[in-house]
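Structural description and commentary
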Amino acid sequence: MDVDRTGGTAVAETLGAHGVDAAFGTPGHPLLPHLAAAGLSVFTLGTDAAAHRAAAAYRRVSGRTGVVVAGDGPDPDVPDPLLFLTAHGGGTVASPDAAAGTVAAALAAMHRGRPRAVQVDVPPDVLAQQWHGRSAAVAPPAPPVPDPDAVRRAAALLEAAERPLVVAGGGAVGAAGEITALVQALGAPVVTTAGGKGVVDDGHPLSAGASGRLAAVAGAVADSDVVLVVGSDFTCPDGVTSIHIDLDETRLPRNGTGVGLLGDATATVAALRGALPPWRTAIGVVRAAALRAACREQARADGRAYELVNDVLRDALPPHAVLVGGTTAVTRLGSVHFFPVPAPRLFCPGGLAAAIGASAARPARPVAVLLGTGAFDTAAADLATAVQLGLALPVVVVRDGSDHGGADPHAVDAAGAIEVRATEPDDLVDLVADAFEADRPTVIRLG
């Protein structure tokens, strides 16, 4: 019988038919009980912004669709490709069947071209209406296939290049294996943006790390005869021959010095590699080593204070642990440069809310948090949520000048978390190990 099947069921089952298994929301949203009843994992955070950060980290770490069930839709200044489900009313969704169809269409639209945020509003009265239908998945559109002539032109440029360079961004995280194989074939140094960190193992001899912001990379770009940019809005100066691979046509070069390849990163890099002869030159390793050294020295100019804590934390964590950072200096100037990762999806911003999303994405994988005092002091509600979930999170807090005073000295105790102090960075090794054995988060204050 369908007596208990409602518009909320229609939304939940449509999400499930598309492989969605988790959602992040705020208390009291009328859709959350329907999602939980349908078997989805539902995580309730204190604010819409926290739910957004958790869902974004879930997507970044797992590669699966992130769903936000909250009062507000996407933030235009934070364009994470998430599905936002709201329940305001007054829109075009007037029945459970329409709700199911609109959600299915939205999930397909998210993956049309460059992944983007989509909002679906289902009024509360529609969520409560009986539903006698059945959910059906809508296949996402096939990604565009790059023009074969353009692939050949790009391959010819790379084959003739004496000083090629590869730049990988967040749009390349699904193509890590192909990009690694390509840079090895080319003997080309590779740098990433912060969003593409780990696309090529930070420890690879051809990697110069997530150094896209540094002047040394700008110099390397200017010195290269061909620059291949994959899944990034990284721009090359006039006069530099560039090849761009992207799902967003607006990011492709429109002048005579470059080649644009519109397509999925994995398939397009594979096609490009297939058009190249298999060779590798030792000169690329030499260029990469010089660039890596220059980048590290430049990163120390404003991040030296955070180098040691990241070095020690790297040693304290398993190789494939996930590190979650914030928006303050210890992350931007520290972890981006000084915390190497062997693969993508092992580093993300977003603070404690993001740690909840990362833990949901990979429950069996260790997750650690490294924050400045300012980012931590504003996350008391998220710490309490992590306590309620019983997450064994080491939360390392470093003084990075981001706090402005007025923090509640009793916030950790009030949240029910454990609090310890590390006198020296080397103390973190044992304290982090202890934190992974706890039944709740452990706040480790350094210094």
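Look a little higher up for the structure.
Now for a look at the structure at hand. These numbers come from a predicted model, not from an experiment. The residue numbers shown here count from 1 along each chain, following its written sequence. Only residues with pLDDT of at least 70 are given local features in this predicted model, and only at 80 or more are side-chain atom pairs given and counted; all residues enter the totals for whole chains, interfaces and linings. Excluded from the side-chain calculation are hydrogens and water; included are all heavy atoms of the structure.

1. Concerning the overall build of the chain
- Helix and strand definitions follow DSSP, with helices as H or I runs of at least four residues and strands as E runs of at least two, each counted in order from the N terminus. Along the chain, the regular secondary structure elements total 17 helices and 16 strands.
- For a compact globule of 447 residues, the expected C-alpha radius of gyration is about 22 Å, and the chain comes in at 23 Å, within 12% of that figure.
- Oriented by its inertia axes, the alpha-carbon framework of the chain measures out at about 70 × 60 × 35 Å.
- Accessible area is worked out with a 1.4 Å probe on protein chains only. A residue is then buried under 20% of its type maximum, exposed over 50%, and partly exposed in between. A total of 447 residues make up the chain; the buried ones form 53% of that total. For this measure, only C-alpha atoms enter the radius of gyration; the expected value for a globule follows 2.2 Å times N^0.38, where N is the number of residues.

2. So, the pattern of salt bridges
- Think of a salt bridge as a Lys or Arg side-chain nitrogen and an Asp or Glu carboxyl oxygen that are within 4 Å of each other. Tallying each qualifying case throughout the model produces 16 salt bridges.
- Several salt bridges share partner residues, and in doing so they unite Arg296, Glu297, Arg300, Arg304, Glu307 and Asp311 into one network.

3. Examining the layout of surface pockets
- Definitions used for this entry: grid spacing 1 Å over protein atoms alone; cavity, a set of points where a 1.4 Å probe fits but cannot get out; pocket, an open set with protein on both sides within 12 Å along at least 5 of 7 lines; lining residue, one with an atom within 4 Å of a point. Grid points are joined across faces, edges and corners, and a volume is the space filled by probe spheres set on the points. Taken as a whole, the second largest pocket encloses approximately 310 Å³ of empty space.
- Lining the second largest pocket are 19 residues, and of these Phe376, Asp377, Ala407, Asp408 and Arg445 lie nearest its centre.
- Secondary-structure elements contributing two or more residues to the lining of the second largest pocket are helix H14 (373-377), helix H15 (380-388), strand E14 (394-398), helix H16 (411-415) and strand E16 (442-446).
- By residue number, the principal contributor to the lining of the second largest pocket is H14, which donates three residues.
- Gly counts as polar in this scheme, as do all residues outside two lists: the nonpolar Ala, Val, Leu, Ile, Met, Phe, Trp, Tyr, Cys and Pro, and the charged Asp, Glu, Lys and Arg. Per-class residue counts for the lining of the second largest pocket are ten nonpolar, three polar and six charged.

4. Here we look at the sheet that holds strand E1 (residues 22-25)
- The pairing criterion for strands is at least two bridges between them, as found by DSSP. Taking strand neighbours across the sheet as the criterion, the five strands line up as E2-E1-E3-E4-E5 in an open arrangement whose pairing is parallel. The sheet is open, and its two edges are formed by strand E2 (41-44) and strand E5 (118-121), each paired on a single side. Averaged over all pairs of adjacent strands, the angle between strand axes in this sheet comes to 25°, irrespective of strand direction. To get an axis, fit a line to the C-alpha atoms, keeping to the stretch in contact for a helix; angles then go from 0 to 180 degrees between the N-to-C directions.

5. Some remarks on the packing of helix H7 (residues 176-186) against helix H9 (residues 265-274)
- As a packed pair, H7 and H9 sit with axes 9 Å apart at the nearest point and diverge in direction by 25°. Judged by the inter-axis angle, H7 sits roughly parallel to H9. In terms of crossing hand, the pair formed by H7 and H9 is left-handed. Judged by residue contacts, Glu178, Ile179, Ala181 and Leu182 of H7 engage Thr266, Val269, Ala270, Leu272 and Arg273 from H9. Just so you know how the angles are binned, under 35 degrees is roughly parallel, over 145 roughly antiparallel, 65 to 115 roughly perpendicular, and the rest oblique. Should the near helix be turned counterclockwise from the far one by less than a right angle, the crossing is left-handed, whereas a clockwise turn marks it as right-handed. Between two residues, a contact is recorded if the distance between any of their heavy atoms is within 4.5 Å.

6. Description of the packing of helix H11 (residues 307-316) against helix H17 (residues 428-436)
- Between H11 and H17, the least distance of the axes is 9 Å, while the angle of their chain directions is 45°. Of the possible angle classes, the one that applies to H11 and H17 is oblique. Note that H11 runs across H17; the crossing there is right-handed. The residues of H17 that touch H11, namely those facing Val309, Val312, Leu313 and Ala316, are Leu428, Val429 and Val432.
- The class makeup of the residues in the contact of H11 with H17 is seven nonpolar, no polar and no charged.

7. Things to note about helix H3 (residues 48-62)
- To estimate the expected span of a helix, count its residues, drop one, and scale the result by 1.5 Å. Between its first and last C-alpha atoms H3 spans 21 Å; for 15 residues at 1.5 Å apiece the expected length is 21 Å, and the two agree.
- All buried positions along H3 are accounted for by Ala50, Ala51, His52, Ala54, Ala55, Ala56, Ala57, Tyr58, Val61 and Ser62.
- In the segment just after H3, Gly63 is the residue with positive phi, at about 80°.

8. As for H15
- Taken as a whole, H15 has its buried residues at Asp382, Leu383, Thr385, Ala386 and Val387.
- Lining the buried residues of H15 we find E2, H3, helix H13 (351-361), H14, H16 and E16.
- Positive phi appears at Gly390, one or two residues downstream of H15, with a value of about 70°.

9. Remarks on the nonpolar core
- Only buried residues count toward a nonpolar core, which is a set of Ala, Val, Leu, Ile, Met, Phe, Trp, Tyr and Cys residues joined through side-chain atoms within 4.5 Å. In this structure, Phe24, Val324, Leu352, Phe376 and Leu393 are the most contacted members of the largest nonpolar core, which totals 72 residues.
- With residues up to four places along the chain from it excluded, the contact list for Val324 reads Cys348, Pro349, Gly351, Ala354, Ala355, Ala358, Val367, Ala368, Val369 and Leu370.
- In this structure, Val173, Leu228, Val259 and Leu261 belong to the second largest nonpolar core, which totals 32 residues.

10. As for the packing of aromatic side chains
- Aromatic rings from Phe, Tyr and Trp, with only the six-membered ring used for Trp, were paired whenever their centres fell within 6.5 Å, and each pair was classed as stacked if the ring planes differed by under 30 degrees, edge-to-face if by over 60, and tilted otherwise. The full count for this structure, using the stated rule, is two aromatic pairs.
- Where Phe24 meets Phe43, the ring centres are 5.1 Å apart and the plane angle is 15°; that geometry is what we call stacked. Residue Phe24 is located in strand E1, and its partner Phe43 is located in strand E2; the two are separated by 19 residues in the primary sequence.
- Judged by relative accessible area, Phe24 falls into the buried class, the value being 0%.

11. Some words on unusual backbone geometry
- In this model, Arg345 sits at a positive phi of 70°, which is unusual for a non-glycine residue.
- Topologically, Arg345 is positioned in the loop between helix H12 (329-338) and strand E12 (347-348).
- By relative accessible area, Arg345 is classed as partly exposed at 25%.

12. A few points about the side chain of Thr331
- Tracing the backbone through its elements, the reader meets Thr331 in helix H12.
- For Thr331, a relative accessible area of 3% puts it in the buried group.
- In this structure, Thr331 is in contact with Gly325, Gly326, Val336, Phe347 and Leu370, ignoring residues within four places of it in sequence.

Keep in mind these values describe shape, not function.
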